[in-house]
Amino acid sequence: MPTLDFDSCYRALTARDARFDGRFYTAVTTTGVYCRPICPARTPGRQNVRFYRHAAAAEAAGFRPCRRCRPELSPGDPGWDVRADLVARALRLIDDGVVDEYGVAGLASRLHVTERHLHRLFTAELGTGPLSVARTRRLLLAKQLLTETALPIGDVAFAAGFGSLRQFNATMKEAYGFAPTELRGARAGGRVTRRAVPGHSADPGTDVGAGPGTGSGSGSGAGTDHGVGVEPARFTLRLHYRPPYDAQTLLGFLAARAIPGLEKADISGYSRLVPGGTITLAPANGHIALHVATADARLLARIVSRCRRLLDLDAAPDAIASVLRTTSLAPLVERRPGLRVPGAFDGFELAVRAVVGQQVSVAGARTLLGRIVARAGEPSGDGHLFPTPERLAEADLDGLGLTTRRIATLRALARMAADGEIDLDGAQDPAEVAASLLAVPGIGPWTTGYIALRALRDPDAWPSGDLGLRRAMRRLAIPDDDIERWRPWRAYAALHLWSAS
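Described below are features of the structure shown in this document.

Reading guide: rules and limits
- Residues numbered from 1 in each chain as written.
- Predicted model: local features only at pLDDT ≥ 70, side-chain atom pairs only at ≥ 80, totals over all residues.
- Heavy atoms only, no water.
- Helix = DSSP H or I, 4+ residues; strand = E, 2+ residues; numbered from the N terminus.
- Rg over C-alpha atoms; globule rule 2.2 N^0.38 Å.
- Buried < 20%, exposed > 50% of the residue type's maximum accessible area, 1.4 Å probe, protein only.
- Contact = heavy atoms within 4.5 Å.
- Areas by Shrake-Rupley, 256 points an atom, 1.4 Å probe, with all protein chains shown as cover.
- Lys, Arg positive; Asp, Glu negative; His and termini not counted.
- Charge placed at Lys NZ, Arg CZ, Asp CG, Glu CD.
- Phe/Tyr/Trp six-rings, centres within 6.5 Å; stacked < 30°, edge-to-face > 60°.
- Lys NZ or Arg CZ within 6 Å of the ring centre and 35° of its normal.
- Pairing = 2+ DSSP bridges.
- 1 Å grid on protein atoms, 1.4 Å probe; cavity = no way out; pocket = protein on both sides within 12 Å on 5 of 7 lines; lining within 4 Å.
- Points joined across faces, edges and corners; volume = space filled by probe spheres on them.
- Nonpolar A, V, L, I, M, F, W, Y, C, P; charged D, E, K, R; others polar.
- Salt bridge = Lys/Arg side-chain N within 4 Å of Asp/Glu carboxyl O.

**A closer look at the overall build of the protein**
What the protein contains, in helices and strands, is 23 helices and 11 strands. In terms of C-alpha radius of gyration, the protein reaches 23 Å, essentially the compact-globule figure of 23 Å for 501 residues. Overall size of the protein, expressed as C-alpha extent along the three principal axes, is 60 × 55 × 45 Å. Out of the 501 residues in the protein, the part that is buried amounts to 56%. Once local pairs closer than 6 in sequence are excluded, the contacts in the protein between residues at least 24 apart make up 71%. Carbon and sulfur atoms make up 51% of the accessible area of the protein, which totals about 20600 Å². Taken as two groups, the 63 positive and 52 negative side-chain charges of the protein have centres that lie 5 Å from each other.

**So, the packing of aromatic side chains**
Tallied over the full model, the rule gives 13 aromatic pairs. When the centroid spacing of 5.0 Å and the interplanar angle of 40° are considered together, the rings of Phe162 and Phe168 count as tilted. Between the aromatic rings of Tyr450 and Trp498, the centroid separation amounts to 6.3 Å while the plane-to-plane angle is 65°, which identifies the pairing as edge-to-face. Of the two residues, Tyr450 is situated in helix H20 (residues 445-454) and Trp498 in helix H23 (residues 490-500); the sequence distance between them amounts to 48 residues. For the pair Tyr450 and Trp498, a shared accessibility class is recorded, and that class is buried. A connected cluster of aromatic rings, assembled from ring pairs, spans Phe6, Tyr10, Phe20, Phe24 and Phe51. Its end group placed over the ring of Phe253, Arg257 keeps NZ or CZ at 3.6 Å from the ring centre.

**Overview of H20**
Buried residues dominate H20, accounting for eight of its 10 residues. Residues of H20 that are buried: Thr447, Thr448, Gly449, Tyr450, Ile451, Ala452, Leu453 and Arg454. Elements in contact with the buried residues of H20: helix H11 (247-256), helix H15 (347-356), helix H19 (430-438) and H23.

**A short note on the sheet that holds strand S4 (residues 64-65)**
If you trace the four strands from one edge of the open sheet to the other, you get S3-S1-S2-S4, paired in mixed fashion. One side of each edge strand has no neighbouring strand; the edge strands of this open sheet are strand S3 (49-52) and S4. Across two bridges, strand S2 (residues 33-35) lies against S4 in parallel orientation. Across the sheet, the residue bridging to Val33 is Arg64, located in S4.

**Digging into empty space enclosed by the protein**
It is the rolling of a water-molecule-sized probe over the atoms that shows where space remains empty. The tally for this structure, following the rule as stated, stands at eight cavities of 30 Å³ or more. In this structure, the largest cavity encloses a volume near 1100 Å³. Sorting the residues of the lining of the largest cavity by element identifies helix H3 (79-83), helix H4 (86-95), helix H7 (130-148), strand S5 (233-239), helix H12 (300-310) and H19 as the ones contributing at least two each. It is H7 that provides the largest number of residues to the lining of the largest cavity, a total of six residues. Tallied by class, residues from the lining of the largest cavity come to 21 nonpolar, 10 polar and 15 charged.

**Topic: the layout of surface pockets**
By volume, the largest pocket is sized at about 1700 Å³. Contributing to the lining of the largest pocket are 49 residues, with Pro275, Arg302, Arg306, Asp346 and Thr388 lying nearest its centre. Contributing elements (two or more residues each) for the lining of the largest pocket: helix H5 (98-111), strand S7 (269-274), strand S8 (277-283), H12, H15, strand S10 (379-380), helix H17 (389-394) and helix H18 (404-418). Ranked by residues supplied to the lining of the largest pocket, first place goes to H5 with four residues. In the lining of the largest pocket, the residues fall into 21 nonpolar, 13 polar and 15 charged. Looking at the second largest pocket, it is lined by 24 residues, and the ones nearest its centre are Gly357, Gln358, Gln359, Val360 and Trp446. Of all the secondary-structure elements, those providing two or more residues to the lining of the second largest pocket are H15, helix H16 (362-376), H18 and H20. No other element matches H20, which puts five residues into the lining of the second largest pocket. Grouping the constituent residues of the lining of the second largest pocket by class yields 10 nonpolar, seven polar and seven charged.

**Observations regarding the environment of Thr136**
Of note, Thr136 is situated in helix H7. Residue class for Thr136 comes out buried when judged on its relative accessible area of 3%. Taking the C-alpha atoms as reference points, Thr136 and Phe178, 42 residues apart in sequence, are found 15 Å from one another. If we skip the residues at most four places from it in the chain, Thr136 touches Tyr34, Ala55, Ala56 and Glu59.

**Considering the pattern of salt bridges**
Counted by the stated rule, this structure contains 32 salt bridges. Arg272 is the salt-bridge partner of Glu349, the closest N and O atoms lying 2.8 Å from each other. Of this pair, Glu349 sits in helix H15 while Arg272 sits in strand S7, and the two are 77 residues apart along the sequence. The pair formed by Glu349 and Arg272 is uniform in burial state, with each residue classed as buried. Residues Asp460 and Arg487 are paired through a salt bridge, measuring 2.4 Å at the closest nitrogen-oxygen approach. Of this pair, Asp460 sits in the loop between H20 and helix H21 (467-475) while Arg487 sits in the loop between helix H22 (482-485) and H23, placing them 27 residues apart in sequence. Judged by its relative accessible area of 13%, Asp460 is buried. A relative accessible area of 38% places Arg487 in the partly exposed class. Shared partners join several salt bridges into a network, and the residues in it are Arg70, Glu72, Lys143, Glu148 and Arg238.

No statement about biological role is implied by the geometric values presented.
Encoded structure:
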């Protein structure tokens, strides 16, 4: 990414320009806090500010988050999706809780690089290492939970990715200068009875396992019977975005493709089963409300990360529109200025959706996917979870309406994912993923492009050969040559055309 320009950042700060929210953070030397560009506080003098690309860099320099503008609410920096390089992929995995669960060593292993090389890249790009970035993510998520929910302090600690209450208290005091109970104040004050979190101790003086950042954390819950005899924690978090945001079109897209027994959606919201519980996403006043019911609070960081990707909450609509408005798509952009690309809650799930959706209608694919989930998915509540690669690879898919060739393609894809030959959740270079997908019999350029567009979050992905896109372009008299003019936002161009069909 380009180096931050002081004058440009200061102009954005002075104007409180929401377009730059999440793209940089302002540290104020006279107060010791760092803020979002939109902070309502009085603008500090030029001589008293420093600018940082990532919140972790500001915290590593000794600054603490502003309690007024709350940096934990910032949308993510969309530039990382455009780059999709190793640091970008590492940041995505950190948001997914990989460092909490496996440590930096596990993160480096997932990316097939050494810890030293990864640390060197992070320091060059962000000014701090991956462990500091993971710690800041944990602290900011914990701060949001303490502020917005009534979750017991112990649940907050484990939901944010800390290995023990002792670690949580010590880290927050060291980084922010106050204890969790001080932030929440009388609202919590230790008066709420904490629900037991599987695999963790309720004793605030007990370290549980090795803790995050050591490479041997217990976040996966192996050997733990999640949810048995445990009352689900229920709470709501706010997920922010850069306006404008066209929630209705995105929710309509998801509703048309909602898998029976797994998801429900309409233009007012989206809900689905997830391991350990359920989630519901609904548009609210300037944000998306995430309602969570889970028997295992440790899954929250991953849930938040994947919901943000599903709803494309980190996009920068101004940057997208600045390109597409100069092309033949200008009327469509004016009609839907906040259009987003629907993402995926799980990369493997999306890949299966893409394969099943080949050469069938949206409604037909939905029916077939519902049968696959009922046959191969793990029962949960009144439905089934989407099958894991391991379960799908071994499942009997005969008699569901799938062709023999389609079944073979699904099994080959599932075995590749189960064996670690392909990573559809962000760790692998997108070009390598595309090459691996094209090597699977039954997967061609359209399927690969669709997976890149939704699962890999490639903003320039283009599902070549898509019949709906061809029809829309022909109806609007848009020549094929214009496709190149839509770079690097061809995925958004595709959504505009689909939405205009």
